[in-house]
Every structure is written in C-alpha cells, then in structure tokens.
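Chain by chain, the residues:
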Amino acid sequence: LGKDAAGLSASAIGRLKDGWQDDHGQWQKRDLSAKRYVYVWADGIHLQARLEDEKQCPARGLPSGRILVIIGATPEGKKELVGFTDGARESAHDWRELLLDLKRRGLDAQPELMIADGALGFWKAAGEVWPKTREQRCWVHKTANVLNRLPKSLQGKAKRALQKIWMAETRKDAEAAFD
C-alpha cells in the first residue's frame, strides 16, 4: 500500500484487523448442521513468508507455517470453503482436530469421497473421523510427484499422457488412455 494509502493509519489498520478477527471468529463457529458435502478436498498450504520467529507465531495468533484447508462440494456442485486452521505440520493430530471441530459444529453427514495429497496425517485422521468415506489421491499432486522424478525432456509428454487419464469422461476412456 505504501505512502499512497490515504486513511490507513496504524489505528485504522488496527480497527480493520479487529473487525476481520471478529468476522473470522464467527465464521469459525458457524453452524454446519444444514450442510452436506459429497466431495471434500484437503490440503496443507505451506507459507513461505516468515514475519517473526517461527516459535513465536502460534502464541501471537499468526500462522505457524502451514494452513490446513478443507473445501467441500455440495450435491449441486458448488464448492465452498468448509474450514481451515493453522498447524505446525500436517500431522494426524492437527487434521483430526480440524475434522472433529467440523463435526462438533454439525457436519455429521460423511462425504462420499475425500481427495488429498499423499500426506499420511490427513488420511489417518479422516479414516478415524469418516471411516466409510472413499479415498482418492489428488491427481494434481500425483502428477507433480511423477513429473519431479522425470528428466525435463520427458515432462511435457508425461504430463499430457497423465492428464488424458484423469480428465477422461468415463472409466473406460481412462483405462484406454492408461494403456
């Protein structure tokens, strides 16, 4: 914003921050009993920026390096941010706390399918909280993992081949692309 940000004094920023914290607090406590998500995506987002010493961040209410995010798709196909929290890492404990918080607020219906990367913490926690929900590895993450193992000269061709599989209209088409 810099020097051209008229009206944004330290006190104005403080007032804005307080209002946003109140809004966030209400959002984090909202009732989810009327919600149903058929698909759920989970991911841990690593924050590169370090504004303060990492050990001080959680005590000051700042993200500690990772944000754990849950996005859901309603039966109508609308995607919604369901919940998020900060976590020191993507441990089963941190994911379990987030998922149990969603259940405590009324999200009782298990999704049909959950999609996530290869982080074992989420899968362990989700299996405990939603034992009947089917699991699927995220194709975007899986594709990135495969491409990272290949020489640069093969990555373009491999990426196109993998996309033909996961973007296929039917299982039969996916199996044909795989062959």
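Residues numbered from 1 in each chain as written. Predicted model: local features only at pLDDT ≥ 70, side-chain atom pairs only at ≥ 80, totals over all residues. Heavy atoms only, no water.

### Topic: the environment of Asp108
Thought 1: Position of Asp108 relative to the elements: it lies in the loop between helix H2 (92-104) and strand E4 (113-116).
Thought 2: For Asp108, a relative accessible area of 57% corresponds to the exposed category.
Thought 3: With 72 residues separating them in the primary sequence, Asp108 and Arg36 have C-alpha atoms 8.3 Å apart. (Helix = DSSP H or I, 4+ residues; strand = E, 2+ residues; numbered from the N terminus. Buried < 20%, exposed > 50% of the residue type's maximum accessible area, 1.4 Å probe, protein only.)

### Here's the deal with the pairing of strand E5 (residues 134-137)
Thought 1: Examined bridge by bridge, E4 and E5 share 4 bridges and lie parallel to one another. Within E5, the position partnered with Ala116 by the bridge is Arg137.
Thought 2: Once you follow E4 into helix H3 (residues 120-129) and on to E5, the crossover reads as right-handed. (Pairing = 2+ DSSP bridges. Right-handed = clockwise from strand over helix to strand, strands pointing away.)

### Considerations on the pairing of E4
Thought 1: Here E4 shows two buried faces, one formed by Leu113 and Ile115 and the other by Met114 and Ala116.
Thought 2: In the sheet, strand E1 (residues 39-46) pairs with E4 via 4 bridges, with the strands oriented parallel. Bridge assignment links Tyr39 to a residue of E4, and that residue is Leu113.

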